[in-house]
Amino acid sequence: MEFLGLRIEMFENIWSYRELFIRGIWVTLGLTAVGYIGGFILGLIVGMGKLSKRKWIHIPAKMYVDFFRGTPLLVQILLIHTALIPSMFGHSLGFFVSGSLALMLNSAAYNAEIIRAGIQSLDKGQMEAARSLGMPHKTAMKLIILPQAFRRMIPPLGNELIALLKDSSLVTVIAASDLLYAGKVVAGAYSRFWEPYLTVAVLYLILTFICGKLINYIEKRFSNSYVPSSRRSVFSMRRSEPGGGLR
């Protein structure tokens, strides 16, 4: 039975490979999590380096961002997996190490620009006021600047997370057993491409949808207009009506 070129019975065959798809989802999420967390930490360091007035810090940070933003992620994955890691350790460390390292280094470049732009978007008077009170630069950055800038960084950082989740599919080029790999296995087994890759696309859509909802919640939670719902307090006083007592 076919519908718009799709064989309905093919989805039954895909269901028989469900364990492969589940494993692929976990591998995809693992690569994304390691790459994003590491990329955020490294991006924070590189972003602060780009803001530094010391040239020996600013120039390497700028070169790092320019290189990883100006070259394809696929090329970076291949360079790290086939050249960098084997030359350092004498052998490959597996697709997960190579893939997560490539995703981390690539994500760090984009996160660095997000962090730099977020910090520079704040009024310079914030730092000047903190320094006038005798607060050291590092303390002012940690307690005053970064918390305010982080609220502005949430949307672009969330977009970077979703982009990294989708870009993790490129790791399949080094034989990673991710979600796209599962689709390739099924497509090769049955010589059918519509149903396996459509299944992969739907699964990626579900993952990105969940990430989007999580990002929206975090953005709302840290927004300036957010007012947490509070339970009624026994000791709270309510406004009195014009002609009577408390309500």
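Residues numbered from 1 in each chain as written. Predicted model: local features only at pLDDT ≥ 70, side-chain atom pairs only at ≥ 80, totals over all residues. Heavy atoms only, no water.

Trainee: If you had to explain the nonpolar core to someone new, which residues and values would you point to?
Mentor: Residues Phe 21, Tyr 64, Ile 119, Met 153 and Val 171 are the most contacted members of the largest nonpolar core, which totals 48 residues. Among the elements that take part in this core, helix α7 (residues 137-167) stands out by supplying 10 residues, more than any other. For Val 171, the residues in contact, after removing those within four places along its chain, are Leu 31, Ile 77, Phe 95, Gly 99, Leu 103 and Ala 176. (Core = buried A, V, L, I, M, F, W, Y, C linked by side-chain atoms within 4.5 Å. Buried < 20%, exposed > 50% of the residue type's maximum accessible area, 1.4 Å probe, protein only. Helix = DSSP H or I, 4+ residues; strand = E, 2+ residues; numbered from the N terminus. Contact = heavy atoms within 4.5 Å.)

Trainee: Go over the packing of helix α2 (residues 18-51) against α7 with me, naming the residues and quoting the values.
Mentor: Contact geometry for α2 and α7: axes closest at 11 Å, N-to-C directions at 140 degrees. Handedness of the crossing formed by α2 with α7: right-handed. Counting all contacts with α2, which are made through Thr 28, Leu 29, Thr 32, Gly 35, Tyr 36, Phe 40 and Met 48, the residues of α7 involved are Met 141, Leu 157, Gly 158, Glu 160, Leu 161, Leu 164 and Leu 165. Residue composition of the contact of α2 with α7, by class: 9 nonpolar, 4 polar and 1 charged. (Axes fitted to C-alpha atoms, helices over the stretch in contact; angles between N-to-C directions. Left-handed = near helix turned anticlockwise from the far one by under 90°. Nonpolar A, V, L, I, M, F, W, Y, C, P; charged D, E, K, R; others polar.)

Trainee: Kindly report on the packing of α2 against helix α8 (residues 179-190), identifying the contributing residues and their values.
Mentor: With their axes 7 Å apart at the nearest point, α2 and α8 run at an angle of 155 degrees to one another. Of the possible angle classes, the one that applies to α2 and α8 is roughly antiparallel. Residues Leu 20, Phe 21, Gly 24, Ile 25 and Thr 28 of α2 form the contact with α8, whose own contacting residues are Leu 179, Tyr 181, Ala 182, Gly 183, Val 185 and Val 186. Here the contact of α2 with α8 is composed, by residue class, of 8 nonpolar, 3 polar and no charged. (Parallel < 35°, antiparallel > 145°, perpendicular 65-115°, else oblique.)

Trainee: Lay out the packing of aromatic side chains with the relevant residues and their values.
Mentor: Scanning the entire structure with this criterion turns up 4 aromatic pairs. Pairing Phe 67 with Phe 68 gives two aromatic rings, centres 5.0 Å apart and planes at 90 degrees, and the pair type is edge-to-face. Judged by its relative accessible area of 10%, Phe 68 is buried. Through a chain of ring-to-ring contacts, the aromatic side chains of Tyr 64, Phe 67 and Phe 68 assemble into a single cluster. (Phe/Tyr/Trp six-rings, centres within 6.5 Å; stacked < 30°, edge-to-face > 60°.)

Trainee: I'd like to hear about the side chain of Ser 98, residue by residue, with values.
Mentor: Of note, Ser 98 is situated in helix α5 (residues 95-120). For Ser 98, a relative accessible area of 0% corresponds to the buried category. Ignoring any residue separated from it by four or fewer positions in sequence, one finds Ser 98 in contact with Ile 80, His 81, Ile 85 and Ile 174.

Trainee: An account of α7 is needed here, citing residue identities and associated values.
Mentor: Quick reminder: α-helices carry 3.6 residues per turn. Residues three or four places apart thus point the same way. With 31 residues, α7 ought to run about 45 Å at 1.5 Å a step, yet its terminal C-alpha atoms sit only 37 Å apart, falling short of that. Met 153 marks the point of greatest bend in α7, at about 50 degrees, and the proline Pro 155 comes within the next four residues. (Expected span 1.5 Å × (residues − 1). Bend = angle between axes of the 7 residues up to and from the residue.)

Trainee: Which residues make up the pattern of salt bridges, and what values go with them?
Mentor: One pass over the full model with this rule turns up 5 salt bridges. With a shortest N-O distance of 2.7 Å, Lys 50 and Glu 113 are connected by a salt bridge. One end of the pair, Lys 50, is in helix α2; the other, Glu 113, is in helix α5, and 63 residues separate them in sequence. What makes Glu 113 buried here is its relative accessible area of 15%. Arg 69 serves as the salt-bridge partner of Glu 113, at 3.5 Å between the closest nitrogen and oxygen. Note that Glu 113 is positioned in helix α5 and Arg 69 in helix α3 (residues 55-70), a separation of 44 residues in sequence. Linked through salt bridges whose partners overlap, the residues forming this network are Lys 50, Arg 69, Glu 113 and Arg 116. (Salt bridge = Lys/Arg side-chain N within 4 Å of Asp/Glu carboxyl O.)

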